[in-house]
Structures are given as structure tokens and as C-alpha cells.
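# Inside the fold
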Amino acid sequence: METSSQAIFDKNTIEFVTVAAEYCGFIQRARQTERTAFVGTLLKLLPLLYLKASMLPECQELGTEELPISVGEADYESVRSTMASIMCEQDDYLEVFTPDMAYSDAPILKSISEDVADIYQALQDFIAAFQSGLNQTMNDALFDCKEQFAHNWGQTLLNTLRALHNAFYADETNQE
């Protein structure tokens, strides 16, 4: 159990928790944000989130029970639809870095709103489990978050960042 305590109280873990909480809080407050400010903030938060996630310490899963889920379908859909309403016509983008691309002759359409909601769901579930204060639950949430980062939301974050960059600078060009 000593190793799990070291991982969950590691400086890099604490910094990641801080950035993840900032991301989730920003997404929850985004309803009143106009697109240029929204995209500009995400262009700063997402690289920091990626950096902090890549620096998380190694840990091993300790428990066998499922971690609690805090973001249900209704919460997810609320976040996704809010993001879609902010992004409007710039929500959709063509994705090439997806396993489905190997089996497709046509481009694959993705949406920033769905990607942002996917990242939000993973991080909010992590934060909720981490807030339990139970070392084993916190450790397993950290382990799961690292695994999901490596195999799922890390690539989603990078794909979204590229689309957000395009949306931000397309908006800037249109304003000139």
C-alpha cells in the first residue's frame, strides 16, 4: 500500500489533478463563453493537460471492483450539446488518426464537442473517484486514468487540439 500512497501523493499527480479539475470546471462554466474565448482557453488547457498526464507516476491497480462513474449519459449529452452550440459550424472536422480509417475509403467526420465531452467524462470520473479520499480508490482511479490516457483520451486530446487550432485561426482570419 506504501507504493500506492507514493503515486497518489506524488507532485506530478497533484499537478495533474489540479489541471484536470481546472479543465472540468472550465467546461462546466462554458455555457456563457463565446467561441473565440472558449477555443483560446482550450488551446492553453489541453497542452498542459497532456503534459501533466504524460508525467504521471507509475502505479499498479490494487482493487478489483469497478470505480464509481460520476458522468452519466444525461451529463455527457449536456456537455456535448453545450460544446456543439459554442462551436456551431466549426464543430465538425475530418479525422485521419483513428483505427477506423484503415477500413474506410472516405474521410471520417469527428466533432470537437464530442471529443471535449469524452475528455471531460474521463477526467470528471477520475476527479470524483480521487475525491473519495480512499487510498485504494484514488490509486485505482489514477491507474485507470493513465491507461485511458494512453489508449483513448490522449489521442482524442491531440486530435481535438489540431481541430481547435484550425477553428481558432480560421476565426481570426475571418475577423480581419
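Here the structure is shown first, and the text comes after it.
Keep in mind that this is a model prediction, so the values were computed, not measured. Once a new chain begins, its residue numbering starts again from 1 and follows that chain's sequence as written. Per-residue local features of the predicted model are confined to residues with pLDDT of at least 70, and side-chain atom pairs are confined, for both listing and counting, to 80 or more; whole-chain, interface and lining totals are unaffected and use all residues. Note that the side-chain values use all heavy atoms of the structure and ignore hydrogens as well as water.

## Quick look at the overall build of the protein
- Numbered from the N terminus, helices here are DSSP runs of H or I no shorter than four residues, and strands are runs of E no shorter than two. Looking only at helices and strands, one finds six helices and two strands in the protein.
- In the protein, the order of α-helices and β-strands from amino to carboxyl end is α-α-α-α-β-β-α-α.
- Here the protein holds 176 residues, and the buried ones make up 46% of them.
- Contacts between residues were defined by any pair of non-hydrogen atoms, one from each residue, lying within 4.5 Å. For the protein, the share of sequence-separated contacts (at least 6 apart) that also reach a separation of at least 24 residues comes to 78%.
- Under the convention used here, a 1.4 Å probe and the Shrake-Rupley method define accessible areas, while residue burial counts only the protein chains that appear. If you sum the accessible surface of the protein, you get close to 9,600 Å²; carbon and sulfur atoms cover 52% of it. Using a 1.4 Å probe on the protein chains alone, a residue whose accessible area is under 20% of its type maximum counts as buried, one over 50% counts as exposed, and one in between counts as partly exposed.

## Focus: the packing of aromatic side chains
- What counts as a ring pair is set by centres within 6.5 Å for rings of Phe, Tyr and Trp (its six-membered ring), and what kind of pair is set by the plane angle: stacked under 30 degrees, edge-to-face over 60, tilted for all other angles. Within this structure, the stated rule accounts for seven aromatic pairs.
- On the basis of an interplanar angle of 85 degrees and a centroid distance of 4.9 Å, the ring pair of phenylalanine 168 and tyrosine 169 is categorised as edge-to-face.
- Clustering of aromatic rings is evident, with ring pairs tying together Phe16, Tyr50, Phe126, Phe130, Phe149 and Trp153.

## Some words on the state of the cysteines
- Disulfides are defined as cysteine sulfur pairs within 2.5 Å. Enumeration over the complete set of coordinates arrives at zero disulfides.
- The thiol of cysteine 59 is unpaired, and the distance to the nearest cysteine sulfur, on cysteine 145, comes to 9.7 Å.
- Judged by relative accessible area, cysteine 59 falls into the buried class, the value being 6%.

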